[in-house]
Amino acid sequence: MCLGGGAAAAQGPAPCPSDAATAQLARQLFAKINAARAAASVPPLHWSAAAAGAARCHSQQMMQRGQLFHGGDQNTGPGDRLRRVGIVWSRVAENVGEATSIAAVQRMMMDEPRGQANHRANILDPQLHDLGVGIARRGEMLFITEDFYTPLHD
């Protein structure tokens, strides 16, 4: 999880190409995340197309390298990637995962211990308001990035 200020505004176009299958999986995972928030009495997140584009690019980088990481090309973090697509944020958090299904990755993230700064904590953080999910696929393996943020003037 990363905290701090961001610069630039707007929800710009997706920086990496998408395919219908992974876009549909991203929306399904978004729904699962909001279902988990609802079960915990946390307000739902808003979908961010710009954050989804940044997350998709990061997932593609992880897929190409065959490993999970938060720092991208030139060691940029999630906040940097969101700024590049025009998002002004006051709070940022990122989950990355690798699994053969969205159900499996959601289960892994939600089964983590409660009360720790981890994937589950990011999903259930009521101070995070927006989310973009990006998925890249290599064979049966899904590389998943969830970029959460709170707009600067929210």
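What this report covers is the structure whose coordinates are included nearby.

The rules behind each value
- Throughout, residues of each chain are indexed from 1 in the direction in which the sequence is written.
- At least 70 in pLDDT is required for a residue's local features to be given in this predicted model, at least 80 for side-chain atom pairs to be given and counted, and no such filter applies to totals for whole chains, interfaces and linings, which use all residues.
- Only hydrogens and water are removed before side-chain values are computed, so all heavy atoms of the structure are retained for them.
- A pair of aromatic rings is counted whenever rings of Phe, Tyr or Trp (Trp by its six-membered ring) have centres within 6.5 Å, and the orientation is called stacked for planes under 30 degrees apart, edge-to-face for over 60 and tilted otherwise.
- Every helix listed is a DSSP run of H or I at least four residues long, and every strand listed is a run of E at least two residues long, numbered separately from the N terminus.
- Only when the NZ atom of a Lys or the CZ atom of an Arg is both within 6 Å of the ring centre and within 35 degrees of the ring normal do we say a charge sits over the ring.
- The term nonpolar core refers to a set of buried residues drawn from Ala, Val, Leu, Ile, Met, Phe, Trp, Tyr and Cys, joined through side-chain atoms within 4.5 Å.
- Think of it in three bands: with a 1.4 Å probe and only protein chains considered, a residue is buried below 20% of the maximum accessible area for its type, exposed above 50%, and partly exposed in between.
- Two residues qualify as a contact provided that any one of their heavy atoms is within 4.5 Å of a heavy atom in the partner residue.
- Salt bridge criterion: a side-chain nitrogen from Lys or Arg within 4 Å of a carboxyl oxygen from Asp or Glu.
- Here an angle of 0 to 180 degrees is reported between the N-to-C directions of two axes, which are lines fitted to C-alpha atoms, with helices fitted over the stretch in contact.
- Helix crossings get a hand from a simple test, with the near helix turned counterclockwise from the far one by less than a right angle marking a left-handed crossing and a clockwise turn marking a right-handed one.
- The classification used treats Ala, Val, Leu, Ile, Met, Phe, Trp, Tyr, Cys and Pro as nonpolar, Asp, Glu, Lys and Arg as charged, and all other residues, Gly among them, as polar.
- Any two strands are treated as partners once DSSP identifies two or more bridges connecting them.
- By this rule, a helix spans an expected 1.5 Å times one less than how many residues it contains.

Considerations on the packing of aromatic side chains
Phase 1 of the analysis: One pass over the structure, following the stated rule, counts one aromatic pair.
Phase 2 of the analysis: Centre to centre, the rings of Phe30 and Trp47 are 5.2 Å apart; their planes meet at 85°, and the pair counts as edge-to-face. Residue Phe30 is found in helix H1 (residues 20-39), and its partner Trp47 is found in strand S2 (residues 46-47); the two are separated by 17 residues along the sequence.
Phase 3 of the analysis: The positively charged end of Arg27 is found above the aromatic ring belonging to Trp47, 4.1 Å away from the centroid.

A short note on the nonpolar core
Phase 1 of the analysis: One finds Ile123, Val133, Ile135 and Phe148 to be the most contacted residues of the largest nonpolar core, which totals 23 residues.
Phase 2 of the analysis: Of all the secondary-structure elements, those providing two or more residues to this core are H1, strand S3 (89-99), helix H4 (102-110), helix H5 (119-124), strand S4 (130-138) and strand S5 (141-151).
Phase 3 of the analysis: Looking at which element gives the most residues to this core, the answer is H1, with six residues.
Phase 4 of the analysis: With sequence-adjacent residues up to four places away left out, Ile135 is seen in contact with Thr22, Leu25, Ala26, Arg56, Ser59, Ile102, Leu142, Phe143 and Ile144.
Phase 5 of the analysis: Ranked by size, the runner-up nonpolar core spans nine residues in total, among them Val85, Ile87, Trp89 and Tyr149.

Section: the pattern of salt bridges
Phase 1 of the analysis: Considering all chains together, one arrives at three salt bridges under this definition.
Phase 2 of the analysis: In this structure, the salt-bridge partner of Arg91 is Asp125, at a minimum N-O distance of 2.9 Å. Of this pair, Arg91 sits in strand S3 while Asp125 sits in the loop between H5 and S4, and the two are 34 residues apart along the sequence. In terms of burial, Arg91 and Asp125 fall into one category: buried.

Describing the packing of H1 against H4
Phase 1 of the analysis: Contact pair H1 / H4: the axes reach a minimum separation of 10 Å and the direction vectors enclose 35°. When you trace H1 past H4, the crossing you get is right-handed. Contacts between H1 and H4 pair Leu25, Gln28, Leu29, Lys32, Ile33 and Ala36 from the former with Ile102, Ala103, Val105, Gln106 and Met110 from the latter.
Phase 2 of the analysis: Grouping the amino acids of the contact of H1 with H4 by side-chain chemistry returns eight nonpolar, two polar and one charged.

Some details on the pairing of S5
Phase 1 of the analysis: A large share of S5 lies buried, amounting to nine of its eleven residues.
Phase 2 of the analysis: Where S3 and S5 come together, ten bridges link them in antiparallel fashion. Bridge pairing in S5 links Asn95 to Glu146.
Phase 3 of the analysis: Bridge analysis of S4 against S5 gives nine bridges, and the strand direction is antiparallel. Looking at the pairing, Ala136 lines up with Phe143 of S5.

Description of H1
Phase 1 of the analysis: In this model H1 runs 29 Å from its N-terminal to its C-terminal C-alpha over 20 residues, within 8% of the 28 Å that 1.5 Å per residue would give.
Phase 2 of the analysis: Among the residues of H1, those classed as buried are Thr22, Leu25, Ala26, Leu29, Phe30, Ile33, Asn34, Ala36 and Arg37.
Phase 3 of the analysis: Buried residues along H1 sit in contact with S2, H4, H5, S4 and S5.
Phase 4 of the analysis: Ser41, located one to two residues past H1, shows a positive phi value of around 60°.

That is the geometry; function is a separate question.
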